[in-house]
Amino acid sequence: MKKIVSMEVNRIFNEDCITGMKKLPEKSVDICVTSPPYNLTINYGVYDDNKPREEYLGWLEEVFIEIKRCLKDDGHFWLNVGYSNVDPWVGMDVAQIARKHFTLQNNFVWVKSISIDDVTTGHFKPINSGRFSNPTWEHLFHFTKNGNVKCDKLSVGVPYMYDSNTDKESRLRGRLVKKMGYKNQKHFYNEASENEIDSLNQMVVDKMKGKVVETKRCKGNSWFIPYDTIQNREKHRGSHPATYPIKLVDDCIKFSGITKKGLLIDPFMGSGTSAISAINNGLSYIGYDVDDDYISFANDRIEDYFKNNK
C-alpha cells in the first residue's frame with residue numbers, strides 16, 4: 001500500500017508528534033525549532049512529565065529520528081532544553097540522544113537574565129535555596145545532519161563598536177605598503193614617490209571594487225533574549241508552563257539563513273510561539289500538540305498577534 005503523506009501547512013495538529021511527522025514527506029522540512037518536555041514534573045495539561053529516565057530518552061530518540069527523516073539535508077534542528085538544579089544533567093542527556101542522529105554544529109546558551117556592574121536585566125524565576133543559584137539560562141543546541149551547513153551569522157549580528165573595525169581600506173593599504181617594501185603607512189607616505197603613491201591608490205581601487213563593507217559582527221553563542229514584559233500572563237502565555245520568546249525563534253530562523261517559502265515544524269508547539277515566528281519570517285509552519293486546550297490557545301494567540309501587529 002502506498003504511504004500517504006500530509007503537507008497541510010499553517011496548522012497545529014492535535015496528535016502525537018511522532019505519528020504526525022511520519023505523514024510528512026522525506027526531506028521536506030527546512031527547519032525545526034522546538035522545546036520538548038523536560039521530564040522535570042512540570043504541570044502540563046495532558047502530558048505526564050514524570051517518565052522513568054530511559055523511557056523518556058527512548059521516546060525523544062523516536063522524535064529525533066522522525067525529525068531527521070523529514071529534515072532536508074541542509075536543514076537545521078534547534079533544540080531548546082531548560083536547566084534545572086534538581087536535574088542538572090537532563091539537557092546534556094537529551095543532547096547526547098540527539099547526537100546519535102545529528103551533528104552538533106553550534107552550542108548556544110539562551111541567556112534570560114544577566115547582571116553587569118550590579119545592574120540586572122531580563123527575567124528569571126528565583127528559587128528559595130541555600131545550595132543553588134538562580135538559573136538564568138537554558139540550553140539551545142543547533143544540530144544539522146553533517147555539521148557543514150552554511151549559516152547567516154550576520155543576520156543576527158551586532159554593530160561594530162568602533163568605525164576602525166569596518167575600515168577595510170586602511171587595512172588593505174597597510175598590507176600593500178608592506179608588500180612594496182615599507183614598514184608601515186607612515187613610512188610609505190614619508191618616503192614613497194608620486195608614482196608609488198599613484199600605484200598604491202590604483203591597487204586599492206581595484207581590490208576594493210565590489211567589496212561589501214560589513215557593519216556587523218557575529219554576536220557569539222551566548223544569546224541574551226529576555227522575555228517580554230507582560231501585563232497578563234493568561235492572555236499572552238495561557239496555561240502553558242514553559243514558553244520562550246518569539247525573538248528566540250526569530251533568531252534561530254535568521255541565523256539558519258532560511259528564506260521565504262521555507263517550512264518550519266515544531267513537534268511540541270505548545271503556546272504557538274514557533275508558528276508566530278515562522279509567519280513573521282515568511283515561512284509556513286506545521287505543529288503538533290497532544291493538548292487540545294493548548295492548541296485552542298495557540299490558534300487564538302496567533303490570530304490576535306497578527307491582528308494587533310499589522
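Parameters and conventions
Residues numbered from 1 in each chain as written. Predicted model: local features only at pLDDT ≥ 70, side-chain atom pairs only at ≥ 80, totals over all residues. Heavy atoms only, no water. Salt bridge = Lys/Arg side-chain N within 4 Å of Asp/Glu carboxyl O. Helix = DSSP H or I, 4+ residues; strand = E, 2+ residues; numbered from the N terminus. Buried < 20%, exposed > 50% of the residue type's maximum accessible area, 1.4 Å probe, protein only. Pairing = 2+ DSSP bridges. Axes fitted to C-alpha atoms, helices over the stretch in contact; angles between N-to-C directions. Polar contact = N/O pair within 3.5 Å; in protein donor to acceptor, adjacent residues only side chain to side chain. Contact = heavy atoms within 4.5 Å. Core = buried A, V, L, I, M, F, W, Y, C linked by side-chain atoms within 4.5 Å. Phe/Tyr/Trp six-rings, centres within 6.5 Å; stacked < 30°, edge-to-face > 60°.

A.B. asks: Explain the pattern of salt bridges here, please?
C.D. replies: Pairs can form between side chains of opposite charge whenever their charged atoms are close. This model, assessed by the stated rule, comprises 14 salt bridges. As a salt-bridge pair, Glu-66 and Lys-22 come within 3.3 Å of each other at their nearest N and O atoms. A residue pair is termed long-range when its members are at least 10 positions apart, and Glu-66 in helix H2 (residues 53-70) and Lys-22 in the loop between helix H1 (17-21) and strand S2 (29-34) qualify at 44 residues. We classify Glu-66 as buried; its relative accessible area is 6%. Assessed through its relative accessible area of 40%, Lys-22 is described here as partly exposed. For Lys-72, the salt bridge identified is with Asp-30, shortest N-O distance 2.9 Å. Here Lys-72, found in strand S3 (residues 71-81), pairs with Asp-30, found in strand S2; they are 42 residues apart in sequence, far enough to count as distant.

A.B. asks: What exactly am I supposed to notice about the sheet that holds strand S10 (residues 222-224) here?
C.D. replies: Backbone-to-backbone hydrogen bonds join strands into a sheet, with any given pair of strands oriented parallel or antiparallel. The strand order across the open sheet formed by 8 strands is S1-S12-S11-S2-S3-S7-S4-S10, and the pairing between neighbours is mixed. One side of each edge strand has no neighbouring strand; the edge strands of this open sheet are strand S1 (11-13) and S10. Recorded for the sheet is a direction-independent mean angle of 20 degrees between the axes of neighbouring strands. As defined by bridge partners, S2 adjoins strand S11 (residues 263-266) across 2 bridges and the pair is classed as parallel. Looking at the pairing, Ile-31 lines up with Leu-264 of S11.

A.B. asks: Teacher, can you tell me more about the side chain of Ser-256 here?
C.D. replies: Within the secondary structure layout, Ser-256 lies in helix H8 (residues 246-256). Taking relative accessible area as the criterion, Ser-256 reaches 4% and is therefore assigned buried. Engagement of the side chain of Ser-256 in a polar contact is seen with the backbone oxygen of Cys-252, the distance being 2.7 Å. Leaving out residues up to four positions away in the same chain, Ser-256 has contacts with Ile-31, His-76, Trp-78 and Lys-150.

A.B. asks: I tried to follow the nonpolar core on my own but got confused; where do I start?
C.D. replies: Residues Val-63, Phe-64, Phe-77 and Val-94 are the most contacted members of the largest nonpolar core, which totals 33 residues. Residue assignment for this core shows that the elements contributing at least two residues are H1, S2, H2, S3, helix H3 (90-99), strand S7 (137-144), S11 and strand S12 (284-288). With 8 residues, the single largest contributor to this core is H2. With near-sequence residues (within four places) excluded, Val-63 lies in contact with Cys-17, Ile-18, Met-21, Pro-267 and Phe-268. Among the nonpolar cores identified, the runner-up in size contains 29 residues, and Ile-31, Ile-246, Ile-276 and Tyr-285 belong to it.

A.B. asks: So what exactly am I meant to see when it comes to the packing of aromatic side chains here?
C.D. replies: Aromatic rings considered in pairs are described by the distance between their centres and by the relative angle of their planes. Enumeration over the complete set of coordinates arrives at 19 aromatic pairs. Both rings, one in Phe-13 and one in Tyr-288, keep their centres 5.8 Å apart while their planes meet at 25 degrees; by these two values the pair is stacked. You can see Phe-13 sitting in strand S1 and its partner Tyr-288 sitting in strand S12, a full 275 residues away along the chain. Across the pair, exposure class does not vary: Phe-13 and Tyr-288 are buried alike. Ring geometry for Phe-77 and Phe-102: centres 5.0 Å apart, planes at 50 degrees, overall tilted. On the criterion of sequence distance, the pair formed by Phe-77 in strand S3 and Phe-102 in the loop between H3 and strand S4 (103-111) is long-range, its members being 25 residues apart.

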